[in-house]
Amino acid sequence: KAGVTQTPRYLIKTRGQQVTLSCSPISGHRSVSWYQQTPGQGLQFLFEYFSETQRNKGNFPGRFSGRQFSNSRSEMNVSTLELGDSALYLCASSGSTVTETQYFGPGTRLLVL
Amino acid sequence: DQQVKQNSPSLSVQEGRISILNCDYTNSMFDYFLWYKKYPAEGPTFLISISSIKDKNEDGRFTVFLNKSAKHLSLHIVPSQPGDSAVYFCAASAVNTDKLIFGTGTRLQVFP
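All of these numbers come straight from a predicted model, not from anything done at the bench.

(A) Summary view of the overall build of chain B. Of regular secondary structure, chain B possesses zero helices and eleven strands. Reading the helices (α) and strands (β) of chain B from amino to carboxyl end gives β-β-β-β-β-β-β-β-β-β-β. At 13 Å, chain B has a C-alpha radius of gyration in line with the 13 Å of a compact globule built from 112 residues. Taken along the three principal axes of its C-alpha coordinates, chain B extends 45 × 30 × 20 Å. A separation of at least 24 residues holds for 54% of the contacts in chain B among residues at least 6 apart in sequence. Separation between the mean location of the 11 positive side-chain charges and that of the 10 negative ones in chain B comes to 3 Å.

Laid out in structure tokens, this is it:
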């Protein structure tokens, strides 16, 4: 079974630009969660999608948005990038709930200059 | 407001000895706890979990202890091996939610 894949793996953007990150969950998984990892802050929950619906949302500004497609693939968008958005963005998939084992992708490392 | 705290950013242990990683939480509604291990350039991988109805769960060299009254959990690794060197995150989930709250992580280094 293929694991969770994320594209791109690395990205460099400048302030004010927008970015779209992609996540393909494990086949059959319907829940996709997104996290931001920064030094000192650990993994911070962004949002979780299940069957194309956002089920949960963390405490991030509206510049961070996401969506899920009918095949469970998910995208995350960050608009008007700020320097502080530089981080590793991880997505994780699970069958139906986050308390089932979540499988993480390798992450997309975003650098905002 | 950090609901899940890992107060030790790093820990160094000799191979063969016990590693104890600690995690504290503030939300009494948390009822499910997990530990993840993360190597550089890889996503976190699930290690072990525990439900609030239990106070101990064991899987091979890994044991998680939960003290609900103290809102504290710990991960014991015995014996520690160099391959255990990684960042360990604890995470918690509250009743009837589908949201995992992670701690800031503890970097474990196991030296020969």
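(B) Highlighting the interface of chain B and chain A. Contacts between the two partners involve 16 residues from chain B, matched on the other side by 22 residues from chain A. In total, about 1,600 Å² of surface goes out of reach between chain B and chain A, with carbon and sulfur atoms giving 59% of it. Our enumeration of links across chain B and chain A arrives at zero salt bridges. At the boundary of chain B and chain A, one finds two residue pairs in polar contact (both at pLDDT 80 or more). Secondary-structure elements contributing two or more residues to the side of chain B that touches chain A are β4 (30–38), β9 (86–94) and β10 (100–102) of chain B. The element contributing the most residues to the side of chain B that touches chain A is β4 of chain B, with three residues.

(C) The arrangement of the side chain of Thr38 of chain A in detail. Turning to its location among the elements, Thr38 of chain A is positioned in strand β4 (residues 31–38). Not counting residues up to four positions away in its chain, the partners in contact with Thr38 of chain A are Ser86 and Ala87 of chain A.

(D) Here's a closer look at the state of the cysteines. Under the counting rule described, the total for this entry stands at two disulfides over all chains. Residue Cys23 of chain A pairs covalently with Cys91 of chain A via a disulfide, S to S 1.8 Å. One quick way to see it: the torsion about the S-S bond of Cys23 of chain A and Cys91 of chain A is about 65 degrees, and its sign makes the bridge right-handed. Here Cys91 of chain A lies in strand β9 (residues 87–94) and Cys23 of chain A lies in strand β3 (residues 19–24), a separation of 68 residues in the sequence. The pair formed by Cys23 of chain A and Cys91 of chain A is uniform in burial state, with each residue classed as buried. Between the sulfur atoms of Cys23 of chain B and its disulfide mate Cys90 of chain B the distance is 1.9 Å. What sets the handedness of the Cys23 of chain B and Cys90 of chain B disulfide is the S-S torsion sign, and at about 60 degrees it is right-handed. One end of the pair, Cys23 of chain B, is in strand β3 (residues 19–25); the other, Cys90 of chain B, is in strand β9, and 67 residues separate them in sequence. When sorted by exposure, Cys23 of chain B lands in the same class as Cys90 of chain B, which is buried.

(E) View of the sheet that holds strand β8 (residues 74–78) of chain A. Residue and element names in this part refer to chain A. Read across the open sheet, the four strands follow the order β1-β3-β8-β7; overall the sheet is antiparallel. The open sheet has two free edges, formed respectively by β1 (5–7) and β7 (64–68), since each of these has just one partner strand. The average angle at which neighbouring strand axes cross in this sheet is 20 degrees, direction not considered. Pairing of β1 with β3 involves three bridges; the strand directions are antiparallel. If you follow Thr5 over to β3, its bridge partner there is Ser24.

(F) Looking closely at the pairing of strand β6 (residues 56–59) of chain B. Bridge count between β6 of chain B and strand β7 (residues 62–67) of chain B: four bridges; the pairing is antiparallel. When the sheet's bridge partners are listed, Glu58 of chain B is paired in β7 of chain B with Thr63 of chain B.

(G) Region of interest: the sheet that holds β3 of chain B. Reading across from one edge, β1-β3-β8-β7-β6 (chain B) is the order of the five strands in this open sheet, with antiparallel pairing throughout. Looking at strand neighbours, the two that pair on one side only are β1 (4–5) and β6 of chain B, the edges of this open sheet.

(H) Inspection of the confidence of the model for chain B at higher detail. Scored by pLDDT, chain B comes out at a mean of 92, with 98% of its residues at no less than 70. Mean pLDDT values over the elements of chain B span from 88, in β10 of chain B, up to 98, in strand β8 (residues 72–77) of chain B.

Procedures and definitions
Residues numbered from 1 in each chain as written. Chains lettered and ligands numbered in written order. Predicted model: local features only at pLDDT ≥ 70, side-chain atom pairs only at ≥ 80, totals over all residues. Heavy atoms only, no water. Helix = DSSP H or I, 4+ residues; strand = E, 2+ residues; numbered from the N terminus. Rg over C-alpha atoms; globule rule 2.2 N^0.38 Å. Contact = heavy atoms within 4.5 Å. Lys, Arg positive; Asp, Glu negative; His and termini not counted. Charge placed at Lys NZ, Arg CZ, Asp CG, Glu CD. Buried area = accessible area lost by both parts, 1.4 Å probe. Salt bridge = Lys/Arg side-chain N within 4 Å of Asp/Glu carboxyl O. Polar contact = N/O pair within 3.5 Å; in protein donor to acceptor, adjacent residues only side chain to side chain. Disulfide = S-S within 2.5 Å. Buried < 20%, exposed > 50% of the residue type's maximum accessible area, 1.4 Å probe, protein only. Pairing = 2+ DSSP bridges. Axes fitted to C-alpha atoms, helices over the stretch in contact; angles between N-to-C directions. pLDDT = per-residue confidence, 0-100.

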